[in-house]
Amino acid sequence: MALPNAYAQYKNSKVLTASPAELTLMLYEGAIKFCNIAIDGCKNNDIEKAHLNIVKTERIIDHLRITLDMKYPVAQDFERIYSYLSQRLTLANIKKDSEILEEVNTHLRSVRDNWKEVMRVTGHKVAQ
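Cut-offs used in this document
- Residues numbered from 1 in each chain as written.
- Predicted model: local features only at pLDDT ≥ 70, side-chain atom pairs only at ≥ 80, totals over all residues.
- Heavy atoms only, no water.
- Phe/Tyr/Trp six-rings, centres within 6.5 Å; stacked < 30°, edge-to-face > 60°.
- Helix = DSSP H or I, 4+ residues; strand = E, 2+ residues; numbered from the N terminus.
- Buried < 20%, exposed > 50% of the residue type's maximum accessible area, 1.4 Å probe, protein only.
- Contact = heavy atoms within 4.5 Å.
- Salt bridge = Lys/Arg side-chain N within 4 Å of Asp/Glu carboxyl O.
- Core = buried A, V, L, I, M, F, W, Y, C linked by side-chain atoms within 4.5 Å.

Trainee: Explain the packing of aromatic side chains here, please?
Mentor: Any two aromatic rings considered together are summarised by their centre-to-centre distance and by the angle between their planes. Inspection of every chain in the model, using the stated rule, returns two aromatic pairs. Ring geometry for Y28 and W115: centres 6.4 Å apart, planes at 65 degrees, overall edge-to-face. Separated by 87 residues along the polypeptide, Y28 in helix α2 (residues 20-43) and W115 in helix α5 (residues 98-121) bring together distant segments of the chain. Assessed through its relative accessible area of 22%, W115 is described here as partly exposed. Here F78 and Y82 contribute two aromatic rings whose centre-to-centre distance is 5.8 Å and whose plane-to-plane angle is 40 degrees, an arrangement assigned as tilted. Of this pair, F78 and Y82 are both found in helix α4 (residues 74-95), four residues apart, which corresponds to roughly one turn of the helix. Each member of the pair, F78 as well as Y82, carries the same accessibility label: buried.

Spelled out as C-alpha cells, the structure:
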C-alpha cells in the first residue's frame, strides 16, 4: 500500500521543513494527543495503553525541558511548569489516574494556546 508510506513521507517532510517554533507547537500537540490516549486507557482500565502513552507524554515534556535556553528569564517559568507536569505524570502513571491526566492536559492546552498566540504575534504561521 502506497498510501501509508506517502503519509509517513508527508509527516517526515513536515517535521524537516518546520521552524523551531512550529516544532515546539508539534511537540505540544503530540503531548496532548498522547495524554488523551492515556486518559482513555485509564478510563477503560487498559493499563498498558495508559502507561505507554503517559511515558510518551513524559518524554516530550523531558525534551522540552532539556532544550530550554536558560539565558532567557522566561525559561525558568517553563522549567517550573515542565517540572510540575513531570511530577504529575509520574503520579498519574503510578495511580493510573485519569483525573490527574485531565489536569495535565488542561495545562498542556493552556501552554500550547499561549505558544500559538506568541507565534501569531511574532509573525509565525500557525495552522488552524
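Trainee: Can you walk me through the environment of L68 in this structure?
Mentor: If you trace the backbone, L68 turns up in the loop between α3 (47-66) and α4. Between the C-alpha atoms of L68 and E79, which are eleven residues apart in sequence, the distance is 7.6 Å. Ignoring any residue separated from it by four or fewer positions in sequence, one finds L68 in contact with A75, F78, E79 and Y82.

Trainee: What's the story with the pattern of salt bridges in this structure? I'm lost.
Mentor: Oppositely charged side chains may form a pair once their charged atoms are brought near each other. One pass over the structure, following the stated rule, counts nine salt bridges. Note that K49 and D40 form a salt bridge whose closest N and O atoms lie 2.5 Å from each other. The partly exposed category is assigned to D40, whose relative accessible area is 33%. Here E79 makes a salt bridge to R65, at a shortest N to O gap of 2.4 Å. Placement of the pair is E79 in helix α4 and R65 in helix α3, with a sequence separation of 14 residues. Within the structure, one salt-bridge network assembled from shared partners comprises E29, R112 and D113.

Trainee: When you look at the nonpolar core in this model, what are you seeing that I'm missing?
Mentor: Soluble globular proteins tend to bury their nonpolar side chains together. Counting 25 residues, the largest nonpolar core has I61, Y82, L101, V104 and L108 as its most contacted members. Per element, the largest residue contribution to this core is eight residues, and it comes from α2. Setting aside its immediate chain neighbours within four residues, L108 contacts A31, I32, C35, T57, I61 and L85.

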